[in-house]
Amino acid sequence: MIRFEQVTKRYPDGTTAVEDLSFEVAEGELVTLVGPSGCGKTTTMKMVNRLIEPTSGRVLVNGEDVAATDPVRLRRSIGYVIQQVGLLPHRTVLDNTATVPRLLGGTRRQSRERAAELLDLVGLDPAVYGGRYPDQLSGGQRQRVGVARALAADPPVLLMDEPFGAVDPVVRERLQNEFLALQAELRKTVLLVTHDLEEAVRLGDRIAVYGHGRIEQLDAPAAVLGAPANRYVADFVGADRGLKRLSVTPVEPGDLERPPVVRLDDPLGTAVGALAAEGSRWAVVLDAENRLHGWIPADAVRAAGPGAPAGSVRDHTRRMEAWLPVGAPLKQAFATMLQHDAGWIAVLDGDRFLGVLTPTGLHEALRRSVGAQAQAVRREEVSLDTVAGA
Ligand SMILES: Nc1ncnc2c1ncn2[C@@H]1O[C@H](COP(=O)(O)OP(=O)(O)OP(=O)(O)O)[C@@H](O)[C@H]1O
């Protein structure tokens, strides 16, 4: 893990880049540092691998004060990914990736084998790309090589400074998702600098919102969006933070209402009884295995005739178009409601019906998310543009 203890950095010209900074990145955690230009994010990061020395305070990596660690050894033990990638132009992709294993004493053959594995891991076929030179790659591919190279020594700690900044938004999103998948497997301790709130929210287990030279809030994404610590953070995350919060809050079983349920092969009379007993205008129709089949409106049942109408539920069931899986972001739920002009949507676990989400349930889920400690939405699904873009 990485730990900052009352760290201050003042540059010789008197600029205070960070002041009295104390925080910790737990083992296997990814913390994103986000904030406006010049607020001290890069300075913070570079003090971890001693590219910059603090004026006062201590930085510890896995319990060791970095000031007492040989900088060269330190840097080889920490992966470092930067926006400009910094690949050596006259070396092939494979050799670039093999640099650190070589420096760590691997033979040429071992190092190249390891490099090939890593290129594969980041989605570049070594047989195709290994022999190319950096200028024969696209921006996104170069960025992937940067990640592969940073992982080459299998460092427990990764520092990433705007690692996906140099590519267009579509490629960036793809790289972010690939990196998330990789991180789910590798569980590195990661400090990642970005000025992009969406990237911070999507990638971070926690995000640190920087003001000038200090952290204004360090918390789970949903908490930062849901309960900004102060005016500065509220302004930084934006007036539409409520909408943004829809993106990071999942639908949970506790948010759901349980409407009357009837079976596909029930006689219509049973549906009449179920609807009347609960005073409901519709019921959910399941098959014998609890799989969602559709819904049946009370009107259809009534229209079937007085008394005990003939026929079965099956004859009057309508297709359920508005549904979504449990755990999906509320944003998707809201968008689905709008798209189908539905006052409720079914929520499924696999193909098992769990309940329905209504606008009231959605609102309550949003309130629940304030103070939530964890981001449970699948990160790939996080996008902070407003609902219209869902
Ligand atoms: N070598 C230096 N000498 C003097 N001031 C510096 C030096 N390096 C950085 N600074 C100043 O320290 C402050 C923090 O810079 P830093 O690069 O850490 O910010 P940042 O948040 O990473 O910004 P950006 O998002 O633009 O990269 C800025 O005011 C910057 O001008």
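Residues numbered from 1 in each chain as written. Predicted model: local features only at pLDDT ≥ 70, side-chain atom pairs only at ≥ 80, totals over all residues.

Caption draft 1: Examining the sheet that holds strand β17 (residues 352-357) more closely. Taken in spatial order, the 3 strands make up an open sheet running β15-β16-β17, and their pairing is mixed. With one partner strand each, in any of the chains shown, β15 (323-325) and β17 form the two edges of the open sheet. Geometrically, the sheet is characterised by an average inter-axis angle of 30° between neighbouring strands, direction not taken into account. Where strand β16 (residues 345-349) and β17 come together, 5 bridges link them in antiparallel fashion. Note on β17: the bridge partner recorded for Asp349 is Arg352. (Pairing = 2+ DSSP bridges. Helix = DSSP H or I, 4+ residues; strand = E, 2+ residues; numbered from the N terminus. Axes fitted to C-alpha atoms, helices over the stretch in contact; angles between N-to-C directions.)

Caption draft 2: Summary view of the site of the ligand. If you check the shell around the ligand, you find 13 residues, and the closest are Tyr11, Ala17, Ser37, Thr42 and Thr43. Examining the composition of the shell around the ligand, we find that 3 residues originate from one element, helix α1 (residues 41-46), more than from any other. In terms of residue class, the shell around the ligand is made up of 3 nonpolar, 8 polar and 2 charged. (Near = placed C-beta within 6 Å. Nonpolar A, V, L, I, M, F, W, Y, C, P; charged D, E, K, R; others polar.)

Caption draft 3: Quick look at the sheet that holds strand β11 (residues 261-263). Read across the open sheet, the 4 strands follow the order β11-β12-β13-β14; overall the sheet is mixed. At either end of the open sheet lies a strand with only one pairing partner, and these are β11 and β14 (318-319). Where strand β13 (residues 292-297) and β14 come together, 2 bridges link them in antiparallel fashion. Paired with Gly294 across the two strands is Arg319, which belongs to β14.

Caption draft 4: Just the environment of His90, in detail. Mapping His90 onto the fold places it in the loop between β6 (78-82) and α3 (93-103). With 9 C-beta atoms counted inside 10 Å, the residue His90 sits in the exposed group. Between the C-alpha atoms of His90 and Asp135, which are 45 residues apart in sequence, the distance is 9.4 Å. (Buried ≥ 20, exposed ≤ 12 C-beta atoms within 10 Å, placed from the backbone.)

Caption draft 5: Spatial organisation of the domain arrangement of the protein chain. Looking at the protein chain, the domain boundaries give domain 1 (2-248) and domain 2 (253-371). When each unit is reduced to the centre of its C-alpha atoms, the spacing between domain 1 and domain 2 is 45 Å. Each partner contributes to the interface: domain 1 provides 8 residues, whereas domain 2 provides 8 residues. Where the side of domain 1 that touches domain 2 is concerned, the elements lending two or more residues are α9 (221-226) and α11 (241-248). (Domains from an automatic or database assignment. Contact = placed C-beta atoms within 7 Å.)

Caption draft 6: Geometry of the packing of α3 against helix α6 (residues 139-151). In the contact formed by α3 and α6, the axes pass within 7 Å of each other and the chain directions differ by 30°. In this view, α3 runs roughly parallel relative to α6, as classed from their interaxial angle. As for how α3 packs across α6, the hand of that crossing is right-handed. Contacts between α3 and α6 involve Val93, Asn96, Thr97, Thr99 and Val100 from the former and Val145, Ala148 and Arg149 from the latter. (Parallel < 35°, antiparallel > 145°, perpendicular 65-115°, else oblique. Left-handed = near helix turned anticlockwise from the far one by under 90°.)

Caption draft 7: Expanded view of the nonpolar core. Ranked by internal contacts, the top residues of the largest apolar core, which has 66 residues, are Val48, Ala148, Leu159, Leu191 and Val209. No other element matches α6, which puts 5 residues into this core. Among all residues touching Leu191, those that are not within four sequence positions of it are Ile2, Val25, Val31, Leu33, Met45, Val48 and Leu159. Among the nonpolar cores identified, the runner-up in size contains 30 residues, and Leu246, Leu256, Val285 and Trp295 belong to it. (Core = buried A, V, L, I, M, F, W, Y, C linked by C-beta atoms within 7 Å.)

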